Amino acid sequence: MSIESFRTDPADLVLGDRVAGRLYTDPDIFEQEMTRIFESTWVWVAHESELPGPGTFKTAHVGRQPVVVTRDRKGALRTLLNRCRHRGASICEQAAGKANGFTCPYHAWSYGLDGALRGIPYPEGYDGVLDKRELSLRQLRTESYGGMVFATFADEIEPLTEFLGDAKLWIDRFMKQGGGYPIKVLGKHQFKFRGNWKIQLENTTDGYHFPIVHRSWMSSVDAETANMMSFMTDPTAVTHDLGHGHSVMQMVPGHSDLDADDGSEPLQARFDPVITELSRTFEPAEVRKLVRAMHGTGFNLNLFPNVSMSAAFFRVLRPISVDETWIEHIAIGPDGPPELDVLNRERLRVHEHFQGPFGFGTPDDAEGWDRVQRGAQGAPDMPIMVNRGLGREKPNPDGWPTSHVTDETGMRAAYQQWKQMMSDD
Ligand code: FES
Ligand SMILES: [Fe+2]
């Protein structure tokens, strides 16, 4: 049966080796994705370092719905719908901050950090018609793993740890780039691309595009770094399907577990000034650990549906409409004594060099994503191919379907989850 013959159930638009081009362009499919995916599963909203103590908050989105993530007075993480219970105004427009609670700017109904409605001005008008206890801000289930905070509208779904499944091991490994210190957010920037959210979702574990799209980045770095990222013909560089739509692409397998270091790999000469600075305070073994993690962990972890962990940053995607997506790049580094500032400054420079708005990497990616959207306007019934490597994909000893890093295993993983969530039964 050909993919073009399906017209009704969106789940039928995904086959094992290809998906319908309409998945990028059909506004009805997009509407269904917002409810069946973004309002029905765990969606990343914050890193715990963004909420360091009681009263801290940040604004975010779950699908298209605006939320405020807070730490209440007792330190518990909460995700509250950013919508006043009176007539719907947003109660907070700040990206992040610290507060005792939130007061709606329209008629000044005020809410606690836990979402409880605390005060109403001129309350006489409500005598006998309103019970404050029934008008708390809507609260979403909120759980975290490894510092990554997720929220969901779906009260009945599995706990977060179950949803993450085997991806938890990779989150643990990713966080080792703190070099023994916890990870903290160093800074972030946002940009928009004119394309469907799944085009970005596909990209994080797409090793095939790397030497093509990122030729300018490859030619802008030193030989050691370019060599490290020349994984096209390395048979040990592989991508795993981790289940539940998650996947991981190991570009530099020798860095996947930073604790497994036999000491044979020299530190990169480009970091000599940082090494000299750090050596004034830290022991050589600690300096080595910190500097070796400068590029991150050598793998990209893609967590369905909206966050990926790559190099030294998180990438968060926010669907706006069928052909418009916001992306946030959140740079991270170790949270330790001030002597680490020199390292974190250098981490930001490495991050900007690829992922920054004027970087040598992300602008090229974004151009590719825009062009997929433009091209996919042609022949929406023609499939998008995700079959690369199907002939050589096999389960590895952990049972994860595995193929070469340039294969489309990660895309197939994401689309199988998409198919399951979008199907009627
Ligand atoms: S809309 Fe919030 S107080 Fe009226
Ligand atoms: Fe890329």
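So, how was this worked out
Residues numbered from 1 in each chain as written. Chains lettered and ligands numbered in written order. Predicted model: local features only at pLDDT ≥ 70, side-chain atom pairs only at ≥ 80, totals over all residues. Heavy atoms only, no water. Core = buried A, V, L, I, M, F, W, Y, C linked by side-chain atoms within 4.5 Å. Buried < 20%, exposed > 50% of the residue type's maximum accessible area, 1.4 Å probe, protein only. Domains from an automatic or database assignment. Axes fitted to C-alpha atoms, helices over the stretch in contact; angles between N-to-C directions. Helix = DSSP H or I, 4+ residues; strand = E, 2+ residues; numbered from the N terminus. Parallel < 35°, antiparallel > 145°, perpendicular 65-115°, else oblique. Left-handed = near helix turned anticlockwise from the far one by under 90°. Contact = heavy atoms within 4.5 Å. Nonpolar A, V, L, I, M, F, W, Y, C, P; charged D, E, K, R; others polar. Pairing = 2+ DSSP bridges. Buried area = accessible area lost by both parts, 1.4 Å probe. Salt bridge = Lys/Arg side-chain N within 4 Å of Asp/Glu carboxyl O. 1 Å grid on protein atoms, 1.4 Å probe; cavity = no way out; pocket = protein on both sides within 12 Å on 5 of 7 lines; lining within 4 Å. Points joined across faces, edges and corners; volume = space filled by probe spheres on them.

Novice: Residues and numbers for the nonpolar core, please.
Specialist: Leu-23, Ile-37, Val-45, Val-62, Trp-197 and Trp-418 are the most contacted members of the largest nonpolar core, which totals 42 residues. Mapping this core onto the domain boundaries places at least three of its residues in each of domain 1 (43-152) and domain 2 (166-422). By size, the runner-up hydrophobic cluster in this structure holds 29 residues, among which are Ala-154, Ile-157, Leu-164 and Val-316.

Novice: Give a description of the packing of helix 9 (residues 272-279) against helix 11 (residues 341-355) that names residues and reports values.
Specialist: Running from N to C, helix 9 and helix 11 point in directions that differ by 160°, and their axes come no closer than 9 Å. The angle between helix 9 and helix 11 places the two elements in the roughly antiparallel class. The hand of the helix 9/helix 11 crossing is left-handed. Within the contact between the two elements, helix 9 uses Val-274, Glu-277 and Leu-278 and helix 11 uses Val-342, Leu-343 and Glu-346. For the contact of helix 9 with helix 11, the per-class residue count stands at four nonpolar, no polar and two charged.

Novice: Quick one: what's the story with the sheet that holds strand 18 (residues 324-334), residue by residue and with numbers?
Specialist: Read from one edge of the open sheet, nine strands run 12-18-17-16-15-14-13-21-20, paired in antiparallel fashion. Strands at the two margins of the open sheet, each flanked by one partner only, are strand 12 (183-193) and strand 20 (394-395). When strand 20 meets strand 21 (residues 401-404), the two strands line up antiparallel, connected through two bridges. Residue pairing across strands places Pro-395 opposite Pro-401, the latter belonging to strand 21. On top of the sheet, helix 4 (residues 167-175) reaches strand 12, strand 13 (238-243), strand 14 (246-250), strand 15 (299-303), strand 16 (307-310), strand 17 (313-321) and strand 18; it is set at about 135° to strand 15, its chief contact. Set on the sheet, helix 13 (residues 409-422) makes contact with strand 13, strand 14 and strand 21; between it and strand 13 the angle comes to about 15°.

Novice: Which residues make up the environment of Gly-254, and what values do they have?
Specialist: Within the secondary structure layout, Gly-254 lies in the loop between strand 14 and helix 9. Note: C-alpha distance between Gly-254 and Val-62 (192 residues apart in sequence) is 35 Å. Here Gly-254 is in contact with Ala-260 and Arg-292, once residues within four sequence places are set aside.

Novice: Requested: an account of the domain arrangement of the chain, with residues and values cited.
Specialist: Taken domain by domain, the chain comprises domain 1 (43-152) and domain 2 (166-422). Between domain 1 and domain 2, the residue contacts involve 13 residues of the former and 19 residues of the latter. Regarding the contact of domain 1 and domain 2, the summed buried area is about 1,300 Å², with carbon and sulfur atoms giving 69% of it. It is Trp-44, Tyr-145 and Met-148 that lose the most area in domain 1 upon contact with domain 2, and together they represent 43% of the buried surface on that side. Our enumeration of links across domain 1 and domain 2 arrives at one salt bridge.

Novice: Describe empty space enclosed by the protein, and please don't skip the residues or the numbers.
Specialist: Summed over the entire model, instances satisfying the criterion amount to one cavity of 30 Å³ or more. Of the volumes computed, that of the largest cavity is approximately 470 Å³. Every residue lining the largest cavity is counted, 34 residues in all, and those nearest its centre are Met-229, Ser-310, Ala-311, Phe-354 and Gln-355. Among the elements of the structure, helix 8 (223-228), strand 17, helix 11 and helix 12 (362-375) are those that each provide at least two residues to the lining of the largest cavity. Top contributing element to the lining of the largest cavity by residue count: helix 11, with six residues. Among the residues forming the lining of the largest cavity, the class breakdown is 13 nonpolar, 16 polar and five charged.

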